[in-house]
Amino acid sequence: MTNLPNADEAARRRTFAIISHPDAGKTTLTENVLQAAGAIRLAGQVRARGQNRRTSSDWMRIERERGISVSSSVMTFEHRDLVFNLLDTPGHEDFSEDTYRTLTAADSAVMVLDAAKGIEPQTLKLFEVCRLRDIPILTFINKMDREALDPLELLDEISDKLALDASPMQWPAGSGLRFRGVQDLRDNMFIPFEKQTGETPLRRVNLDDPQMDGFLPDGQREELLEAAELAREACPTFDVQSYREGHLTPVYFGSALKHFGVIDLLNALADHAPSPRPTKAHINGEETLTQPGAAQTTGFVFKVQANMDPNHRDRVAFTRLASGKFKRGMKLKTLAGKVMSVNAPIMFFANDRGIAEEAFAGDVIGIPNHGTLRVGDSLSESGKVQFAGIPNFAPELLRRARPKDPMKAKHLRKALESLAEEGVTQLFKPLIGADMILGAVGQLQIEVTAERIAEEYKLDVVFEEAPYAVARWISGPDKADITTFIDKHKMQMAEDVDGDPVFLGKSAWEIGYAQEKFPDVKFMNTKER
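The written sequence of each chain sets the order in which its residues are numbered from 1. Per-residue local features of the predicted model are confined to residues with pLDDT of at least 70, and side-chain atom pairs are confined, for both listing and counting, to 80 or more; whole-chain, interface and lining totals are unaffected and use all residues. For the side-chain quantities, the full set of heavy atoms in the structure was used; hydrogens and water were omitted.

(A) Summary view of the sheet that holds strand 29 (residues 461-465). Any two strands are treated as partners once DSSP identifies two or more bridges connecting them. Helix and strand definitions follow DSSP, with helices as H or I runs of at least four residues and strands as E runs of at least two, each counted in order from the N terminus. The strand order 29-26-28-27-31-32-30-33 describes an open sheet built from 8 strands, whose pairing is antiparallel. With one partner strand each, in any of the chains shown, strand 29 and strand 33 (522-524) form the two edges of the open sheet. Strand-to-strand, the axes of this sheet are offset by a mean angle of 40 degrees, without reference to chain direction. Note on contacts: a residue pair qualifies if any of its non-hydrogen atoms lie within 4.5 Å across the two residues. Axes here mean lines fitted to C-alpha atoms, for a helix over just the part in contact, with angles spanning 0 to 180 degrees between N-to-C directions. Lying over the sheet, helix 12 (residues 443-457) contacts strand 26 (397-403), strand 28 (436-440) and strand 29, oriented at roughly 155 degrees with respect to strand 29.

Right, dumping it as C-alpha cells:
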C-alpha cells in the first residue's frame, strides 16, 4: 500500500455520503453496508435494545435513545482492495447545515428511498445540495419487503421530481409479502429474497433453471419477465459517464433490514462511483485545480466535533484530504499561517478511532486541536492553498440562552461557543447587554443543544423566546457605511463566533426597511467560513 504512487492510492478511494428523508432506513443501511464489508460482525438495529446492539454510526447518547442521527459521522473500511470512507449524515431537516458541510467532502452519494413513499421533502432538499456540487447519485429503493409503490411509478417520480434519468440495474419480483427477489437486468440472473449476513455471496439462479418455479410460483415468473422487458424498453440504459456527470442514477432494490441487496449496492459503488476528483482552489490568489495525485498534501476542515471522548474534552477537526500523501507527524499550515504538527491523526469508525500512520486524497482524518482549526479552514504543506469556503446559513429560530444557575454564565458562554464552532448551532453576542442569542434551523437542534450541554458540560440551560426573529450578516464596500449603521442600531447589533457583525431584526419587514434606508449595506443570509 505504501509503495503505490499518490495518484494510484487516491484511485483506490471511494468517499461517499448516504442521504435520505428520516425513517427511510438510512442508518440501518449504513450498519449493513459495514457488515457486508466485514467491518462489523453484527449490524446494530437503531431500535434494538442492549449494549451490544447499538448503532455504530450513532455515537451520541441522544442519537441512540431517540433512534435518530443528529451528527455526521465517518466510517472507514476496506472492500475489494478499495478504501471506502462512508460519511453518515443527519436525516432530520433541523440538521441540514451539518449535512451540507459533510457533502462538501463527498465524491458521490447514495440516495435511500422508502419504496412505499418515494421522494419525500427532505430527500428533495438534499438532492438539490448534491446537484449544486455535481455529486453523482446512486439510488437504493429500500423496504421492498413491505407494500410498495409500483417500481415504474418510483422511477417516473425520480425522473419528474429530480430531473434525473433513472436506470434500473435490477427489477423486483413483487413487494411486501409477495416480494421474491430481483432480476439482474444486465445478466438476467435471478437473486432470490433471502436474508443475507456479512459477505455471504448472494445466490444467483438462471431464469431458465427448473428451480425457479420454487422461487416464483403462481405465474410470478412470467409477470417478472414482462415487467423487466418493459423496464428495459422504457428506461435509459446505464452509462457510467452520464452517472458520474450527475445526469443519471443507477437504481437498486432491496431491504436494508433483511440485508438484501446491500452487497450489490456496495459492489456498485466499487465498480461505478468516482474516486477523488480535482478540487477547485486558489494558490497565491490564482484559481487552479488541485489534483488528487499531486505531491503537496492538502485538505480542508468540513466539520469540528467536540467531546467525542467525554474523558478527554477533545476537539477533533474532520479533514478531507484533497491531494498528496499525509504522514503522521507532518506539519500542515493554514492560510492564516498557523502551523499544525499532526502527531496523533485519527482514522474513524463511528466512535471508535485509531491512529492514522498515513492517508491519501479522499480519506478523512481527524486532527485533535484546542480551537486552532475551524470549519472551512484550508490546510497544506505550503500554507498557500485556499479551498472554497463552507457557507453558514441564517438561522430560522432565535432563542435567548441563560443558565439556571446565574453563577454559571461564563461556563455556559464557553459551552455555547464550542458548539457554535462545531456548527451545531450559531451563537450571537449582542453588543449591549450580557444576553447570548442562540440561532438554530429547527426546534430539535435546540433540544439537542440543551441535552449536550447537560451531558457534556454538566450545565442546566434555559432557552427563552428572544425579542428577535431574523438574523442577517452585514457587509459593504465602504466601512464607514457599516460603522454608521452599527452606531444607529447598537441595541440590535451582535457578533457571531468569528466576530463578524450581525443585525438582529424583529421581523423580515424590518430587514427590508433597513435595506431601504441603507442601500449600500448588504444584509446577507449566508456567510462563507
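(B) Main features of the nonpolar core. Only buried residues count toward a nonpolar core. Its members are Ala, Val, Leu, Ile, Met, Phe, Trp, Tyr and Cys residues joined through side-chain atoms within 4.5 Å. Each residue is placed in one exposure class: buried if its accessible area under a 1.4 Å probe, protein chains only, is under 20% of its type's maximum, exposed if it is over 50%, and partly exposed if it falls in between. The biggest cluster of nonpolar side chains holds 106 residues, and the ones touching the most others in it are L29, V110 and I158. Take this core: its biggest share by element is 7 residues, from helix 10 (residues 262-272). Residues contacting L29, with those up to four places away along its chain left out, are V110, V112, F140, A256, V262 and L265. Counting residues in each nonpolar core, the second largest holds 19 residues, with L419, Y457, V461 and F463 among its members.

(C) Looking closely at the pattern of salt bridges. Salt bridges are defined as contacts in which a side-chain nitrogen from Lys or Arg sits within 4 Å of a carboxyl oxygen from Asp or Glu. All told, the structure shown has 28 salt bridges when counted by the stated rule. The partner of R12 in a salt bridge is D81, with the nearest N and O atoms 3.6 Å apart. Remark: D81 occurs in the loop between strand 2 (73-79) and strand 3 (82-88) and R12 occurs in the loop between helix 1 (6-11) and strand 1 (13-20); sequence separation between them is 69 residues. Overall, the relative accessible area of 10% leaves R12 in the buried class.

(D) Main features of the packing of helix 11 (residues 409-422) against helix 12. The contact between helix 11 and helix 12 brings their axes to 11 Å, and the two run at 120 degrees. By the angle between their axes, helix 11 is oblique relative to helix 12. In terms of crossing hand, the pair formed by helix 11 and helix 12 is right-handed. Only T449, R452, I453 and Y457 of helix 12 make contact with helix 11, whose side of the interface consists of L412, A415, L416, S418, L419 and E422. Any angle between 65 and 115 degrees counts as roughly perpendicular, while under 35 counts as roughly parallel, over 145 as roughly antiparallel, and the rest as oblique. Crossing handedness is defined as follows: a turn of the near helix away from the far one that is anticlockwise and smaller than a right angle gives a left-handed crossing, while the clockwise case is right-handed.

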